[in-house]
Amino acid sequence: MGHDARTVGEGQDPLEVWIDQDLCTGDGICAQYAPEVFELDIDGLAYVKSGDDELLQAPGATTPVPLPLLRDVVDSAKECPGDCIHVRRVSDKVEVYGPDAE
Ligand code: SF4
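Because the structure is predicted, anything quoted here is derived from the model rather than measured.

Parameters and conventions
In every chain, residue numbers begin from 1 and rise along the written sequence. Confidence filtering applies because this is a predicted model: local features only for residues at pLDDT of at least 70, side-chain atom pairs given and counted only at 80 or more, and all residues used for totals across whole chains, interfaces and linings. Note: side-chain values were computed over all heavy atoms of the structure, leaving out hydrogens and water. Pairing between strands is defined by DSSP: at least two bridges between them are needed. Helix and strand assignments follow DSSP, with helices taken as H or I runs no shorter than four residues and strands as E runs no shorter than two, numbered in order from the N terminus. Each residue is tested against the molecule or strand, and it is near if at least one of its non-hydrogen atoms lies within 4 Å. Note on residue categories: nonpolar means Ala, Val, Leu, Ile, Met, Phe, Trp, Tyr, Cys or Pro, charged means Asp, Glu, Lys or Arg, and polar means any other residue, Gly included. The set of buried Ala, Val, Leu, Ile, Met, Phe, Trp, Tyr and Cys residues whose side-chain atoms join them within 4.5 Å is what this entry labels a nonpolar core. Relative accessibility thresholds used throughout: buried, under 20% of the residue-type maximum; exposed, over 50%; partly exposed, between the two (1.4 Å probe, protein chains only). Contacts: residue pairs with any heavy atoms within 4.5 Å of one another. Polar contact is defined as a pair of N or O atoms within 3.5 Å, subject to the rule that within protein one atom must be able to donate a hydrogen and the other to accept it, and that residues adjacent in sequence are counted only when both atoms are side-chain atoms.

Chemist: Provide a residue-level description of the pairing of strand β3 (residues 46-49), including the pertinent values.
Modeler: Bridging between strand β2 (residues 38-40) and β3 involves three bridges; their strand directions are antiparallel. When the bridges of β3 are listed, Leu 40 appears paired with Ala 46. In this structure, β3 lies alongside strand β4 (residues 55-56), joined through two bridges in antiparallel fashion. Bridged to Val 48 within β4 is Leu 56.

In structure tokens, the structure reads:
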């Protein structure tokens, strides 16, 4: 009997983010809001970065959203003129912020 206290307050589901470069206008708003997560490449389009600062250029590449940066990433998705920043739950791939979020 008894309850497992460790399950309390586990925090929210891990999130990841990806960019649809086909729709990116290259304005760089995301890289201003969250430079730890987004960066413009020399092709003028925005890409997500890995935790160790590497640009991820495979189509649909995702990177984890660090919790302290969630607000900046969500603001980026909201302000993105291309509507092409997608934030989704890692567990079931459901989009929670971005053009395909409910
Ligand atoms: S805010 Fe959107 S459109 Fe602008 S550079 Fe970033 S991903 Fe591209």
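That covers the picture; the talk isn't over yet.
Chemist: Account for the site of the ligand, with residues named and values stated.
Modeler: Residues in close proximity to the ligand total 14 residues, the closest being Cys 24, Asp 27, Gly 28, Cys 30 and Cys 80. Split by residue class, the shell around the ligand holds nine nonpolar, four polar and one charged.

Chemist: Would you mind going over the nonpolar core in detail, with residue names and values included?
Modeler: The tendency in soluble globular proteins is for nonpolar side chains to be buried side by side. Counting 20 residues, the largest nonpolar core has Val 17, Ile 19, Val 37, Phe 38, Val 65, Val 73 and Ile 85 as the members making the most contacts within it. Broken down by secondary-structure element, the contributors of at least two residues to this core are β1 (15-19), β3, α2 (70-79) and β6 (85-89). Top element by residues in this core is α2. It accounts for four residues. The contact partners of Val 65, leaving out residues within four places of it in the chain, are Leu 15, Glu 16, Val 17, Leu 70, Val 73 and Val 87.

Chemist: Residue-level account of the environment of Glu 16, with values.
Modeler: Along the chain, Glu 16 falls in strand β1. Setting aside its immediate chain neighbours within four residues, Glu 16 contacts Thr 62, Thr 63, Pro 64, Val 65, His 86, Val 87, Arg 88, Arg 89, Val 90 and Lys 93. Here the side chain of Glu 16 touches Arg 88 through a polar contact of 2.7 Å, side chain to side chain. There is a polar contact of 3.0 Å between the side chain of Glu 16 and the side chain of Lys 93.

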